[in-house]
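One letter stands for each residue in the lines below.
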Amino acid sequence: MGSIRIRKSTNTLFFDFRYQGQRCREQTTLEDTPSNRRKMQKMLTIIEQEIALGKFEYDVHFPGRATPERAVTGGKNTKKQCSINEQINPTFTEFAELWLGEMRIQWRDTQYKTVENTLQKHLLPVFGAKRVGQITKGDILAFRSGLAKVPGRKGKPLSASRINHILTPLRMILNEAANRFEFTAPYHGIKSLKVPRTDVEPFSLEEVDAILQHVRTDFRAYYLIRFFTGLRTSEIDGLRWEKVDLARRQILVHEALVDGQVVPTKNDGSYRAVEMSLPVHQAFTALYESYSQEKSNKRCAPNDYVFSTREGTPLRHDNVTKRVWYPLLRYLDLKPRRPYQTRHTAATLWLAAGESPEWIARQMGHSTTEMLFRVYSRYVPNLTRQDGSAMERLLLSHLPCVTGGDHA
């Protein structure tokens with residue numbers, strides 16, 4: 001175990017640790033105070049973790065001292081002493097790697113890969129060589145402005161939502177580094193970019209009927225279930241028969257298909273039981289009969305997905321969308337809309353039918369009704385024609401005086 005020790009002749013602190021079988025002593029200009037000891041101890045912890053993992057690079061922590069031989073007892077130090085910032089602040093690359101390793105245990109693999117990709121593609125090329133304590137608010141704002149000029153899909157600029165997602169790991173890393181190494185977090189006061197409202201364009205009942213009548217027979221049940229359950233694409237594509245309870249008429253949404261892997265749903269709200277309406281129950285019953293027959297003939301998929309390819313693997317939503325969904329909308333002369341609008345359609349139809357908002361929120365996997373009212377409520381009057389006329393009828397029947405009638 002390394003330690004933080006004091007050089008009595010100067011009353012300054014130095015690192016004392018072992019690396020590659022040798023004892024290394026690295027001097028600093030920091031005075032012996034409780035605050036400086038805490039800072040150096042945190043740095044020493046990182047050093048020892050990297051040594052244990054075989055990722056320690058001597059000159060990253062101690063520039064100008066590429067090998068430990070110059071730091072061993074009795075070695076002659078011919079290089080200049082490092083500045084205080086260099087001694088107590090790791091580089092962004094170094095700390096980001098440590099932080100990512102610490103966070104991995106609490107993330108799903110897909111989330112870990114997403115953050116890792118964001119680091120490699122956007123953050124490390126810009127901030128990697130900087131020491132965490134030297135990154136300023138101006139650096140962050142300049143980086144954010146630069147992201148607005150980066151072309152995204154189809155050559156369009158990155159959206160506000162995408163930019164916010166790129167900045168999230170940067171904020172988390174710098175805030176954690178500021179806490180550990182006791183400097184002011186440069187991210188303080190920087191707000192996320194305002195994201196436009198969710199694009200909601202639900203289908204009408206007439207459009208749903210046309211789609212279900214003309215869609216390919218082998219996908220009719222797939223889209224019927226999507227329209228009348230509000231399942232997300234990842235949830236229906238990852239649905240397995242063991243999660244379908246025909247007796248209780250429930251779909252147990254406990255998993256989702258993400259990047260080809262079935263993983264637990266992302267939060268507690270998404271973990272839910274979705275009730276089956278009669279059409280949905282009938283569709284599942286017919287599908288299960290076919291599944292049972294295939295199973296008896298030993299032709300069923302190993303993972304028993306409700307919807308799968310001929311090889312028994314989960315559906316690839318991008319392939320289905322391009323080959324089935326968009327061609328069908330063109331054929332019906334309907335406005336092109338993402339398949340995710342089937343989920344929005346379910347919400348608006350439930351609202352129009354007068355279902356309880358709390359119940360609808362649970363079916364959708366929302367923790368509260370806030371999103372329900374914010375996103376979908378404006379479509380309800382168009383579907384139910386309840387645009388204030390109900391209040392008018394109430395007033396006319398009970399308060400004729402408000403319309404000039406006799407109220408004696």
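The structure this text deals with has already been given above.
Report on the accompanying structure. Counting restarts for each chain: residues are numbered from 1 in the order of the written sequence. Restriction of local features to residues with pLDDT of at least 70 applies here, the model being predicted, together with a cutoff of 80 or more for giving and counting side-chain atom pairs; totals for whole chains, interfaces and linings are based on all residues. Excluding hydrogens and water, the side-chain figures rest on all heavy atoms present in the structure.

Quick word on the overall build of the protein chain
This is how the line gets drawn: Counting from the N terminus, the helices are the DSSP runs of H or I reaching at least four residues and the strands are the DSSP runs of E reaching at least two. A 1.4 Å probe rolled over the protein chains alone gives each residue an accessible area, and that area as a share of the maximum for its type sets the label: buried under 20%, exposed over 50%, partly exposed in between. Residue contacts follow a heavy-atom distance rule, with two residues in contact if any of their heavy atoms lie within 4.5 Å. We get accessible surface area from the Shrake-Rupley algorithm with a probe of 1.4 Å; when it comes to residues, only the shown protein chains can shield them.
Looking only at helices and strands, one finds 17 helices and eight strands in the protein chain. The buried share of the protein chain, reckoned over its 408 residues, is 41%. Taking all contacts inside the protein chain whose residues are at least 6 apart in sequence as the whole, residues at least 24 apart take part in 60%. For the protein chain, the exposed area adds up to about 23600 Å²; of that, 50% sits on carbon and sulfur atoms.

Section: the sheet that holds strand β4 (residues 244-245)
Counted only if it meets this: In short, DSSP must find at least two bridges between two strands for them to pair.
Sheet architecture is open: three strands sit in the order β4-β5-β8, paired in antiparallel fashion. Either end of the sheet is taken by a strand with one partner, and the two such strands are β4 and β8 (272-275). Across four bridges, the pairing between strand β5 (residues 250-253) and β8 is antiparallel. In the sheet register, L252 faces β8, and the bridge partner there is A273.

A few points about helix α7 (residues 160-181)
Counted only if it meets this: A helix is expected to span 1.5 Å for every residue after the first. Note that bend, as reported per residue, equals the angle between axes fitted to the 7 residues terminating at that residue and the 7 residues originating from it.
The terminal C-alpha atoms of α7 lie 31 Å apart, and with 22 residues this matches the ideal 32 Å at 1.5 Å per residue to within 8%. The principal kink in α7, of about 30 degrees, is found at L167, preceding the proline P169 by one to four residues. Just beyond α7, the residue with positive phi is E182, at close to 55 degrees.

Comments concerning the sheet that holds strand β3 (residues 22-31)
The condition is simple: Orientation is described by lines fitted to C-alpha atoms, with helices fitted over the stretch in contact, and by angles between N-to-C directions that extend from 0 to 180 degrees.
In spatial order, the strands read β1-β2-β3; together these three strands make up an open sheet with antiparallel pairing. Edge positions in the sheet fall to β1 (3-7) and β3, since each of these pairs with one other strand and no more. Pairs of neighbouring strands in the sheet enclose a mean axial angle of 30 degrees, with direction left out of account. Strands β1, β2 (12-19) and β3 of the sheet are contacted by helix α1 (residues 34-53), whose axis makes an angle of about 15 degrees with β2.

Observations concerning the side chain of T110
With respect to the helices and strands, T110 occurs in helix α5 (residues 109-127). When residues no more than four places from it in sequence are discounted, the contact partners of T110 are V258 and D259.

Topic: the pattern of salt bridges
Formally: Note on definitions: salt bridges are taken to be side-chain nitrogens of Lys or Arg within 4 Å of carboxyl oxygens of Asp or Glu.
For the coordinates displayed, the defined rule picks out 16 salt bridges. Note that D139 and K130 form a salt bridge whose closest N and O atoms lie 4.0 Å from each other. Residue D139 is classed as partly exposed on the basis of its relative accessible area, which comes to 23%. A salt bridge links R232 to E235; the shortest N-O distance between them is 2.7 Å. By relative accessible area, which is 14% here, R232 ends up buried. Salt bridges linked by common partners bring R5, D16 and R23 together as one network.

Quick notes on helix α14 (residues 357-364)
Side chains of residues three or four places apart in an α-helix project in the same direction, reflecting 3.6 residues per turn. Let me state the cut-off plainly: Note: the arc covers the axis-to-C-beta directions of the helix.
Those residues of α14 that sit buried are I360, A361, Q363 and M364. Along the long axis of α14, the arc covered by the buried residues comes to 160 degrees, so they all point the same way. Where α14 is buried, its residues meet α9 (217-229), β8, α13 (341-353) and α15 (370-376). One or two steps after α14, the chain reaches G365, where phi turns positive at roughly 90 degrees.

Regarding the packing of α5 against α7
For any two helices packed against each other, one specifies the crossing angle of their axes together with the interaxial distance. For clarity, the cut-off: An angle counts as roughly parallel when it lies under 35 degrees, as roughly antiparallel when it exceeds 145, as roughly perpendicular when it falls between 65 and 115, and as oblique in every other case. Here the term charged refers only to Asp, Glu, Lys and Arg, the term nonpolar to Ala, Val, Leu, Ile, Met, Phe, Trp, Tyr, Cys and Pro, and the term polar to all other amino acids, Gly among them.
Running from N to C, α5 and α7 cross one another at 75 degrees; their axes reach a closest spacing of 10 Å. In terms of orientation, α5 and α7 fall into the roughly perpendicular class. Of the residues in α7, those in contact with V115, T118, L119, H122, L123 and F127 of α5 are R162, I166, P169, L170 and I173. In terms of residue class, the contact of α5 with α7 is made up of eight nonpolar, two polar and one charged.

Re the nonpolar core
Here is the rule we go by: Take the buried Ala, Val, Leu, Ile, Met, Phe, Trp, Tyr and Cys residues and link them wherever side-chain atoms come within 4.5 Å; each set so joined is a nonpolar core.
Counting 47 residues, the largest nonpolar core has F17, F92, F95, L119 and L170 as its most contacted members. Going through the elements one at a time, β2, β3, α1, α4 (92-103), α5, α6 (137-147) and α7 are the ones with two or more residues in this core. The element contributing the most residues to this core is α7, with nine residues. Those residues in contact with L170 that sit more than four places away from it in its chain are F92, L123, F127, I140, F143 and Y187.

Here we look at the pairing of β5
Examined bridge by bridge, β4 and β5 share two bridges and lie antiparallel to one another. Bridged to V244 within β5 is I251. Hairpin connection from β4 to β5: four residues lie between these consecutive antiparallel strands, with R249 at a positive phi of about 55 degrees.

Shape descriptors only; they carry no functional weight alone.
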